[in-house]
Each structure stands twice: as structure tokens, then as C-alpha cells.
Amino acid sequence: MDFRGYGGCMAQFVDWDLAAATAGALSKSGPAVSYDDAMQVVSELRALTDEAAGHVTAYTGLAPQVEVPPVRVVDRKDWAAVNIGGLKQVIIPLVSRLSGDKQPGGLADAIGSRVTGVQAGTILAYLSGRVLGQYEVFSGNPGQLLLNAPNIVEVERKLGADPRDFRLWVCLHEVTHRVQFTAVPWMRGYFLGEVQAFVDASQSGGEHILERLRRGVATMSDALRDPESRASVIDIVQTPAQKAVLDRLTALMTLLEGHAEFVMDGVGPEVIPSVESIRSKFNRRRESGNPLEKAIRRLLGIEVKMRQYAEGRKFVHGVVERVGMEGFNKVFDSPLTLPRLDELGDPDAWVARVHGPQPAIGG
């Protein structure tokens, strides 16, 4: 999928400059740290990323097949800016395709783009205060690992965790995502291709789809103020033609998140003395939250992501238990060996399809 070559014809669907300014203005200030302490955190996160990479490769048997860009340690404002850059790579061609490259429609579109810009910036400001790390794949090939230093420091303090232990624990998870996209050469193209398929499945709706996209952004923004909202962004944006694509994307993301959880839990006890305490405290933090927090997490898809951690980890554990890590890694042979959505709850079905019938465990 090539996101280049789209001009500014429909870029005004979102006022991106206003989105960036809004995200920067609304982002929470980070925890209080001195300049020297901040530099120490950045330096340690870079070193721990390298350490985690060695652990992940040794545990999984997966090694990068391409040159890996260095980790980028960011603050909340920088995280939002990077993600705005990535979103532009998706939204601009999507809107261009759906609109038939029509020019913006005067004052109404200009006002609408500013409203959507504020709403998008509000959402990114919220997320920028929660995300610990991310492998960002939209902005360039093969993608780049981001670590959000203020959030990592804030969470480790709230948990009362050993800073080095917690930082390495986070790095294990995020580096696993980097390995998934750099050790499996087709993964990024496949993921972007599925995003393109999702776009293509939207085209039959024409201008109606554009309005639904804008309404989806508005709904997410409104949820920041209305904890009683029960709207679903997927229901607002998704068309029936997109369901099959969304099922494949859901299966992929559940696999990738579960694999990262499985790896961090497999490596952690060997290299992180306080990992058991960190895991139990972090799980409680994931599950907690006031009603507003819970409503926002559900609406933004964070609740779904939390379920993906558990469901995906259970699938990976089940497969490794049956055919070992090398057998599990056949999941990365090609898109055809990825688990289907219904196989995530049935590791035996995936093993039988990819490896053939297996003897019963313990038999």
C-alpha cells in the first residue's frame, strides 16, 4: 500500500496543525523530574531496549531481518506528534479515495476540519498520557519503536516498582512488537494491506462514509466528557463489507499482543527480580479506573486491547505447549499460517491446520 502521492485536496477533513496544537495544549504535564534525572531515564531506556532485544531473540528464536532504527524515547507531546504523522498517512488517502479527489467545499468544510482537528487532538492528548510504548508502523518502513518516558516514570512511581525492573519489563513487551515486524519481512506489508482493504470496503458509501468517520471522531471526543456514553466507534464507522477485514485485523492484533505478553512473562522471571510483584500490580491497574476512565477505554478500543492481551497469550501458550516455540513460529511463515479469529480460542484447530494432527498432550 502506497500512502504517498496524495495532495492536499481532502487533507482538510482534519486540520492537522490544529490537532497537533490541541494535543500539545491538553496533554498532561509529566511527573516532576530534574533535567539530569530525565536524561538518565532516556539513557537507561535506550540501554534496556538493547538488552531486551537480546532476551527476546534468545527466547523466541526470531531475529530482525532488516536494519532496525534506534528506539525513539519521547514525551507526551512528541508521542502525539508522531501519531498525527502516522494518521495522516492513513486518513488523507482514505478520504481522497472516498471523495473521488473532490476539492474541499468552502467554509462548511473548513469549519468541519477545525472541529475534527480539535476532537482528534483531544483524543490523542488523552492517549498520550496513558501509552507506555508503541511500535509505530505507518510513518516509515520498517517502523519505529517509541517509548513514552513520562508515562513509564509515572506508572512505576504509582506502582511503587523498582525503576530498572519496570523499565526492562516494558521494553520486553515493546521490543517483541518490533521483532514481530522486523523478523517477519511480510508483516508490515500485510498489516498495511489489510488497512487498505478496510478502506476499499468503505468506498461504496461515498460521502456518507466521510460523515460517519467524522462522527466517529466526534463520538470519541464526546466520551471524554460523558461517561454514560454507550456508543461504539466500530459500529459507527464499520460497514458490513468491512467485517471480514476487521475479523482478520482483530485476529492479527490479538496474536501480536498475546505473543508480546507471553514473551515478557517468559523472559521476565529470568532477568527481572521483582517481576511477579510488577505483573500483579500492573494487572490491577489495568482493571481499575473510575466510570469515566472505563467508558473512555471501551470507546477507544482499549478494553478490547486488554482482552486481546489475555486471549492472545492463552493462544500462544496453548500452541507452544503443543508444538514448542519453533512450532509456534510457523505462525509467521506467511499470512496463510496466521490464526483465524475462531482459532484463537482453539489452539488445537490451528495446530491441526498448520502442523497436521498431533498426539494428545501427555498421551
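Residues numbered from 1 in each chain as written. Predicted model: local features only at pLDDT ≥ 70, side-chain atom pairs only at ≥ 80, totals over all residues. Heavy atoms only, no water.

Named according to an unreviewed UniProt entry, the protein chain is Coenzyme F420 biosynthesis-associated protein originating from Paractinoplanes tereljensis.

J.: Give a description of the overall build of the protein chain that names residues and reports values.
T.: A count of helical and extended segments in the protein chain gives 14 helices and three strands. The burial tally for the protein chain puts 51% of its 363 residues in the buried class. In the protein chain, the proportion of contacts linking residues at least 24 apart, taken out of those at least 6 apart, comes to 82%. In the structure as shown, the protein chain presents an accessible area of about 16,600 Å², 54% of it carried by carbon and sulfur atoms. (Helix = DSSP H or I, 4+ residues; strand = E, 2+ residues; numbered from the N terminus. Buried < 20%, exposed > 50% of the residue type's maximum accessible area, 1.4 Å probe, protein only. Contact = heavy atoms within 4.5 Å. Areas by Shrake-Rupley, 256 points an atom, 1.4 Å probe, with all protein chains shown as cover.)

J.: A description of the packing of aromatic side chains should follow, citing residues and the corresponding values.
T.: Inspection of every chain in the model, using the stated rule, returns 10 aromatic pairs. Centre to centre, the rings of Phe138 and Phe191 are 5.8 Å apart; their planes meet at 50°, and the pair counts as tilted. Taken together, the residues span a long stretch of sequence, with Phe138 in the loop between strand 2 (133–136) and strand 3 (144–148) and Phe191 in helix 7 (residues 187–200) at a distance of 53 residues. Owing to a relative accessible area of 22%, Phe138 belongs among the partly exposed residues under this scheme. One aromatic cluster in this structure is built from Tyr135, Phe138, Phe181 and Phe191. (Phe/Tyr/Trp six-rings, centres within 6.5 Å; stacked < 30°, edge-to-face > 60°.)

J.: An account of the pattern of salt bridges is needed here, citing residue identities and associated values.
T.: In total, this model carries 15 salt bridges according to the counting rule given. Close ionic contact of Lys28 with Glu154 constitutes a salt bridge, the shortest N to O distance being 4.0 Å. Taken together, the residues Lys28 in the loop between helix 1 (16–26) and helix 2 (35–60) and Glu154 in helix 5 (residues 149–159) connect sequence positions 126 residues apart. Residue classification places Glu154 among the buried residues on the basis of a relative accessible area of 17%. (Salt bridge = Lys/Arg side-chain N within 4 Å of Asp/Glu carboxyl O.)

J.: Could you give me a rundown of the sheet that holds strand 1 (residues 72–74), with the residues and numbers involved?
T.: Spatially, three strands are ordered 1-3-2 in an open sheet, and the strand pairing comes out mixed. The sheet is open, and its two borders are formed by strand 1 and strand 2, each paired with just one other strand. For this sheet, the mean angle separating the axes of adjacent strands, direction not counted, is 25°. Pairing geometry for strand 2 and strand 3, over four bridges, is antiparallel. Within the sheet, the bridge partner assigned to Glu136 lies in strand 3 and is Gln144. Sitting on the sheet, helix 6 (residues 163–182) touches strand 2 and strand 3, and the angle it makes with strand 2 is about 10°. (Pairing = 2+ DSSP bridges. Axes fitted to C-alpha atoms, helices over the stretch in contact; angles between N-to-C directions.)

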